[in-house]
Number of protein chains: 2
Amino acid sequence: MARTVLDRSDVVLALAGVFRERGFEGGSLSVIKQKTGIGRGSLYHFFPEGKTDMARAVLDQVSDWFEEKIFVPLRTATDPQKAIADMSRAVAEYFISRQCVCLFAAITLGEEQETFAKAVKSYFTEWVEALTGVLRLAGLSPQEAADRALDAVAVIQGGLILARAYGDDQTFLGIVDRAENNLLAPTR
Amino acid sequence: MARTVLDRSDVVLALAGVFRERGFEGGSLSVIKQKTGIGRGSLYHFFPEGKTDMARAVLDQVSDWFEEKIFVPLRTATDPQKAIADMSRAVAEYFISRQCVCLFAAITLGEEQETFAKAVKSYFTEWVEALTGVLRLAGLSPQEAADRALDAVAVIQGGLILARAYGDDQTFLGIVDRAENNLLAPTR
DNA sequence: GTCTATAAAGCGATAGAC
DNA sequence: GTCTATCGCTTTATAGAC
């Protein structure tokens, strides 16, 4: 019989897929087993503290991805226009290829919200602050930059909800496009 | 011993509170009992089909509220500026007083998403279309009206996520305020 | 590192007394 | 209309073989 030997990041990736599809609470060990073939033994080997540990690992992996692909590029940008275009493209591609689910948003609902409150807050704070920085570099006032950054992150998150509700990625892509344009639009 | 005799809408209201706090799946019968005092007997008297029935009743009640307080006023508006101001105020008050949770958005995550896909889609469609109508009344082009309406609903939904993430209603109120201003802002 | 068997607790749902 | 007791099932978690 074929046995697959996994490493931890494979397991985390598989868990993320299940949690996106079924939610953190709906992603039970039997569903995980069924959808990924990963059994209880492996799960508790990699995550000795159980399900909370699994959720933490998944959120950490998402957080690392955004740090590297979105936040750092924004913080080190020299061309605001390009930085914002890059962010929009990367974010759109990320969520479209991941069922239009943001796991950080997902965990603000349900039982474990308090457990991950700090991680959730930093995820959104980092994003908004990095984006604010780019807008200030582009010459916007601190207040205007902060407001536009917050609105952009909000409309992206709301766009994910509407994409799931409509069952239509195109809706989300349109929202991201317009958000991109609004970020550097001339002040009225 | 005191016995409370409930009517159905009281129970639905209590259920909505629990589901907002704990999610649909986290709101188990024992949690409901513990938080509301409503026992299994009453629950299955009002909702013979069980938990799915409870979720449906809660979503129906939310839907009715929005229909009456938000969608109908938008559809019958004659003064766009006032209609949009009224909507913003009503929506802000609604969500602030309900833990910044939109149950229609919440149910797009988790196991029961397919069961309620149709209801979710109409909730958002009705909202966006009613708002689009007001914007066209205000003289915007069909495309511009539809885009702005969609963006406004999205930014409100995303604002709820950020409000929960930040643990701060003020963030949400700012987002709603700016959304209101953007809706009727002059075309650039 | 992965497996299976199993424990202990919790789940939704039902039945029947009041 | 509400209660409690209970059923059958699933859940997370553990133990021990391989």
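Residues numbered from 1 in each chain as written. Chains lettered and ligands numbered in written order. Predicted model: local features only at pLDDT ≥ 70, side-chain atom pairs only at ≥ 80, totals over all residues. Heavy atoms only, no water.

Going by the annotation in an unreviewed UniProt entry, the name recorded for chain A is TetR/AcrR family transcriptional regulator, with Microbacterium luteolum given as the source organism.

A. Inspection of the overall build of chain A at higher detail. Regarding its fold elements, chain A presents 9 helices and 0 strands. Secondary structure elements of chain A, listed N to C terminal, follow the sequence α-α-α-α-α-α-α-α-α. Over its C-alpha atoms, taken along the principal directions, chain A stretches across nearly 65 × 30 × 30 Å. Considering chain A as a whole, with its 188 residues, one finds that 51% of them fall into the buried category. Within chain A, residue pairs in contact and separated by at least 24 positions form 68% of the contacts whose partners lie at least 6 positions apart. For chain A, the exposed surface amounts to about 8900 Å²; the carbon and sulfur share of it is 50%. (Helix = DSSP H or I, 4+ residues; strand = E, 2+ residues; numbered from the N terminus. Buried < 20%, exposed > 50% of the residue type's maximum accessible area, 1.4 Å probe, protein only. Contact = heavy atoms within 4.5 Å. Areas by Shrake-Rupley, 256 points an atom, 1.4 Å probe, with all protein chains shown as cover.)

B. Representation of the nonpolar core in the model. In this structure, Trp 127 of chain A together with Trp 127 of chain B are the most contacted members of the largest nonpolar core, which totals 144 residues. The contact partners of Trp 127 of chain B, leaving out residues within four places of it in the chain, are Phe 66, Ile 70, Phe 71, Leu 74, Met 87, Val 91, Phe 95, Val 153, Ile 156 and Gln 157 of chain B. (Core = buried A, V, L, I, M, F, W, Y, C linked by side-chain atoms within 4.5 Å.)

C. Inspection of helix α8 (residues 142-166) of chain B at higher detail. In this model α8 of chain B runs 36 Å from its N-terminal to its C-terminal C-alpha over 25 residues, within 8% of the 36 Å that 1.5 Å per residue would give. Of all 25 residues in α8 of chain B, 21 are buried; the element is thus mostly enclosed. (Expected span 1.5 Å × (residues − 1).)

D. Broad picture of the protein's contact with DNA strand D. In the vicinity of DNA strand D lie 17 residues, with Ser 30, Arg 40 and Tyr 44 of chain A together with Leu 6 and His 45 of chain B positioned nearest. Atoms of DNA strand D within 4 Å of the protein: sugar and phosphate make up 63%, bases the balance. A distance of 2.7 Å is found between a base nitrogen of DNA strand D and a side-chain nitrogen or oxygen belonging to Arg 40 of chain A. Between DNA strand D and His 45 of chain B there is a distance of 2.5 Å, counted from a phosphate oxygen to a side-chain nitrogen or oxygen. When residues of the surface near DNA strand D are traced back to their parent elements, those giving at least two are α2 (29-36) and α3 (40-46) of chain A together with α3 (40-46) of chain B. (Near = heavy atom within 4 Å. Polar contact = N/O pair within 3.5 Å; in protein donor to acceptor, adjacent residues only side chain to side chain.)

E. Representation of the relation of the copies chain A and chain B within the structure. Of the transformation placing chain A onto chain B, the axial shift is 0.0 Å and the rotation is 180 degrees, giving an RMSD of 0.1 Å. A rotation of that kind, with that shift, is consistent with a two-fold axis. In this assembly, 100% of the residues forming the interface of chain A have copies in chain B that are likewise at the interface, indicating an isologous arrangement. (Least-squares fit on C-alpha atoms with pLDDT ≥ 70 in both.)

F. Layout of the protein's contact with DNA strand C. Of all residues adjacent to DNA strand C, which total 17 residues, the nearest are Leu 6 and His 45 of chain A together with Ser 30, Arg 40 and Tyr 44 of chain B. A share of 65% of the atoms of DNA strand C within 4 Å of the protein falls on sugar and phosphate groups. Ser 28 of chain B is positioned with one of its side-chain polar atoms (N or O) 2.8 Å from a phosphate oxygen of DNA strand C. Taken together, the elements giving at least two residues each to the surface near DNA strand C come down to α3 of chain A together with α2 (29-36) and α3 of chain B. The leading source of residues in the surface near DNA strand C is α3 of chain A, at 5 residues. Each residue belonging to the surface near DNA strand C can be placed in one class, and the counts come to 5 nonpolar, 8 polar and 4 charged. (Nonpolar A, V, L, I, M, F, W, Y, C, P; charged D, E, K, R; others polar.)

G. Focus on the environment of Val 153 of chain B. All names here are of chain B. Within the secondary structure layout, Val 153 lies in helix α8. According to the relative accessible area criterion, Val 153 is buried, its value standing at 0%. The spatial distance from the C-alpha of Val 153 to the C-alpha of Phe 124 is 8.0 Å, given a sequence separation of 29 residues.

H. View of the packing of helix α7 (residues 117-137) of chain A against α8 of chain B. Relative to each other, α7 of chain A and α8 of chain B sit at 120 degrees, their axes nearing to 8 Å. Taken together, the axes of α7 of chain A and α8 of chain B are oblique relative to one another. As α7 of chain A packs across α8 of chain B, the resulting crossing turns out to be left-handed. The residues of α8 of chain B that touch α7 of chain A, namely those facing Val 120, Lys 121, Phe 124, Thr 125 and Val 128 of chain A, are Ile 161, Leu 162, Ala 165 and Tyr 166 of chain B. (Axes fitted to C-alpha atoms, helices over the stretch in contact; angles between N-to-C directions. Parallel < 35°, antiparallel > 145°, perpendicular 65-115°, else oblique. Left-handed = near helix turned anticlockwise from the far one by under 90°.)

I. Seen up close, the pattern of salt bridges. Residue and element names in this part refer to chain A. A complete count under the given rule lists 24 salt bridges over all chains for this structure. When the shortest N-O distance is used, the salt bridge between Arg 148 and Glu 144 registers 2.7 Å. Of this pair, Arg 148 and Glu 144 are both found in helix α8 (residues 142-166), 4 residues apart, which corresponds to roughly one turn of the helix. Judged by its relative accessible area of 13%, Arg 148 is buried. (Salt bridge = Lys/Arg side-chain N within 4 Å of Asp/Glu carboxyl O.)

J. Structural detail: the packing of aromatic side chains. Summed over all chains, the structure comprises 32 aromatic pairs over all chains. Their ring planes at 50 degrees and their centres at 5.5 Å tell us that Phe 66 of chain B and Trp 127 of chain B sit as a pair that is tilted. Here Phe 66 of chain B, found in helix α4 (residues 51-75), pairs with Trp 127 of chain B, found in helix α7 (residues 117-137); they are 61 residues apart in sequence, far enough to count as distant. Owing to a relative accessible area of 0%, Phe 66 of chain B belongs among the buried residues under this scheme. Cation over ring: Arg 98 of chain A sits above Trp 65 of chain A, and NZ or CZ is 6.0 Å from the ring centre. (Phe/Tyr/Trp six-rings, centres within 6.5 Å; stacked < 30°, edge-to-face > 60°. Lys NZ or Arg CZ within 6 Å of the ring centre and 35° of its normal.)

K. Representation of unusual backbone geometry in the model. Positive phi, close to 60 degrees, is recorded for Gln 99 of chain A, a residue that is not glycine. Examined against the element boundaries, Gln 99 of chain A turns out to sit in the loop between α5 (80-96) and α6 (103-106).

L. Region of interest: the state of the cysteines. All names here are of chain A. A full pass over the atoms with the stated rule returns 0 disulfides over all chains. Here Cys 100 is not disulfide-linked; the sulfur of Cys 102 is the nearest cysteine sulfur, at 11 Å. Using a relative accessible area of 3% as the deciding quantity, one classes Cys 100 as buried. (Disulfide = S-S within 2.5 Å.)

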